[in-house]
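# A closer look at the structure
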Amino acid sequence: MKQAIATEPRIGASILRLFFHDCFVQGCDASILLDDTATFIGEKTAFPNINSVRGFEVIDNIKHNVEAACNATVSCADILALAARDGVVLLGGPSWKVPLGRRDSRTANKSAANRDLPSPFLNLSALITSFAHKGLTAKDLTALSGGHTIGQAQCQFFRTRIYNETNIDPNFATTRRATCPVSGGNTNLAPLDTVTPTHFDNNYYTNLVNQRGLLHSDQVLFNGGSQDSLVSSYSGNSAAFFKDFVVAMVKMGNISPLTGTNGEIRRNCRVVN
Ligand code: HEM
């Protein structure tokens, strides 16, 4: 992860998101890493993932080295969990002990990926419901959304926010409109946290308090609803954010793991053995 981040700091963000998208679809079982084949439909082409999730080559690289050192022992699911943690640490965020022992799925579920991965156009109650389906609380939702302190988003996911919404700082909207036109430029990127896009800190929450959340699903966490006070407290207290983020990451990492004789230790993260 050190090498990968030295080459491209954004990759820490991409791996963190990959882990989230793995855990929300049939558990943290590396199902997202499986490639489509003529006879197998994976999750990579589901709407929330296609042309959006990235970092697969980094996981391949780590797996290659781990297999060379100690073969058939460490699952792709555990590698992803550890890489996500290490990315956060390398970008200045908190560290934590990652519970291990996940095994890799022999299946994937594209329709579950389409159904269960939250859209950036959801309102607060829909986000809370989406996380509740995975055993996560509203507090976990707000703490985990702090993952948006790093990384980038495509214009198509925040266009309606910067042109049509009123709970947005006008200068921020103007800045973002410069590279995200009304039509075209769908894949143009903007940082989720304008201030420190490659540093894992609590600026995400300060942005929300200042109506500078990039996605609709970001700003609903601070828009007169139940999460306002938590967002305010994280914006003024990075230690509180880090503490709750770590708790929520461990919780998310515990979603329906495969253990015992379920699943397998994949040799190549892209294909079942
Ligand atoms: C609350 C519901 C969430 C929604 C609706 C959401 C949505 C999105 C969207 C639309 C993007 C931009 C994708 C693109 O433009 O290709 C994104 C990026 C990202 N998300 Fe989320 N997300 C959510 C929660 C989370 C969680 C829980 C985490 C991790 C703890 C996370 C981590 C990230 C990261 C790090 C990026 C940047 C990835 C990169 O630069 O490659 N998100 N998210």
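The name that an unreviewed UniProt entry assigns to the chain is peroxidase, with the source organism given as Phaseolus angularis. What the UniProt record of the chain gives under Function (unreviewed entry) is the line "Removal of H(2)O(2), oxidation of toxic reductants, biosynthesis and degradation of lignin, suberization, auxin catabolism, response to environmental stresses such as wounding, pathogen attack and oxidative stress. These functions might be dependent on each isozyme/isoform in each plant tissue." Looking at the Sequence similarities (unreviewed entry) heading of the UniProt record, one finds this comment for the chain: "Belongs to the peroxidase family. Ascorbate peroxidase subfamily."

### Concerning the UniProt feature "binding site: heme b" (unreviewed entry) in the chain
On the UniProt side, "binding site: heme b" (unreviewed entry) is annotated at positions that read H148 here. For H148, the position within the fold is in the loop between α7 (138-145) and β1 (152-154). A relative accessible area of 26% means that H148 is categorised as partly exposed. Not counting the four nearest positions on each side in its chain, H148 is found in contact with L192, D193, Y204, L215 and D218.

### A look at the site of the ligand
With respect to spatial proximity, 27 residues lie near the ligand, and among them R10, S14, S52, H148 and Q154 are the closest. The contact in question runs from a nitrogen atom of the ligand to an N or O atom on the side chain of H148, over 2.9 Å. Here an oxygen atom of the ligand and a backbone polar atom of Q154 are 2.6 Å apart. Of all elements in the fold, only α2 (10-23), α6 (124-132), α7 and β1 reach the threshold of two or more residues within the shell around the ligand. At 6 residues, the largest contribution of residues to the shell around the ligand is made by α2. By residue class, the composition of the shell around the ligand is 14 nonpolar, 10 polar and 3 charged. Two domains each provide a minimum of three residues to the shell around the ligand, namely domain 1 (2-117) and domain 2 (140-249).

### Structural notes on the domain arrangement of the chain
On domain assignment, one finds that the chain holds domain 1 (2-117) and domain 2 (140-249). Each of domain 1 and domain 2 was reduced to a C-alpha centroid, and the two centroids are 23 Å apart. Contact residues are listed per partner, giving 15 residues for domain 1 and 13 residues for domain 2. Note on domain 1 versus domain 2: buried area summed over both sides is about 1,200 Å², and carbon and sulfur give 76% of it. Remark: the boundary between domain 1 and domain 2 carries 2 residue pairs in polar contact (both at pLDDT 80 or more). For the side of domain 1 that touches domain 2, the per-class residue count stands at 8 nonpolar, 6 polar and 1 charged.

### What to know about the packing of α2 against helix α4 (residues 76-90)
A packed helix pair is summarised by two numbers, namely the angle formed by the two axes and the spacing between the axes. Two numbers describe how α2 lies on α4: the axes approach to 8 Å, and their chain directions differ by 140°. Viewed along their axes, α2 and α4 adopt a mutual orientation that is oblique. Note on packing geometry: the crossing formed by α2 with α4 is left-handed. Here G12, I15, L16, L18, F19 and D22 of α2 come into contact with α4, specifically with L80, A81, A83, A84, G87 and V88. Per-class residue counts for the contact of α2 with α4 are 9 nonpolar, 2 polar and 1 charged.

Calculation rules
- Residues numbered from 1 in each chain as written.
- Predicted model: local features only at pLDDT ≥ 70, side-chain atom pairs only at ≥ 80, totals over all residues.
- Heavy atoms only, no water.
- UniProt positions renumbered as here; feature names shortened; annotations may be inferred.
- Helix = DSSP H or I, 4+ residues; strand = E, 2+ residues; numbered from the N terminus.
- Buried < 20%, exposed > 50% of the residue type's maximum accessible area, 1.4 Å probe, protein only.
- Contact = heavy atoms within 4.5 Å.
- Near = heavy atom within 4 Å.
- Polar contact = N/O pair within 3.5 Å; in protein donor to acceptor, adjacent residues only side chain to side chain.
- Nonpolar A, V, L, I, M, F, W, Y, C, P; charged D, E, K, R; others polar.
- Domains from an automatic or database assignment.
- Buried area = accessible area lost by both parts, 1.4 Å probe.
- Axes fitted to C-alpha atoms, helices over the stretch in contact; angles between N-to-C directions.
- Parallel < 35°, antiparallel > 145°, perpendicular 65-115°, else oblique.
- Left-handed = near helix turned anticlockwise from the far one by under 90°.

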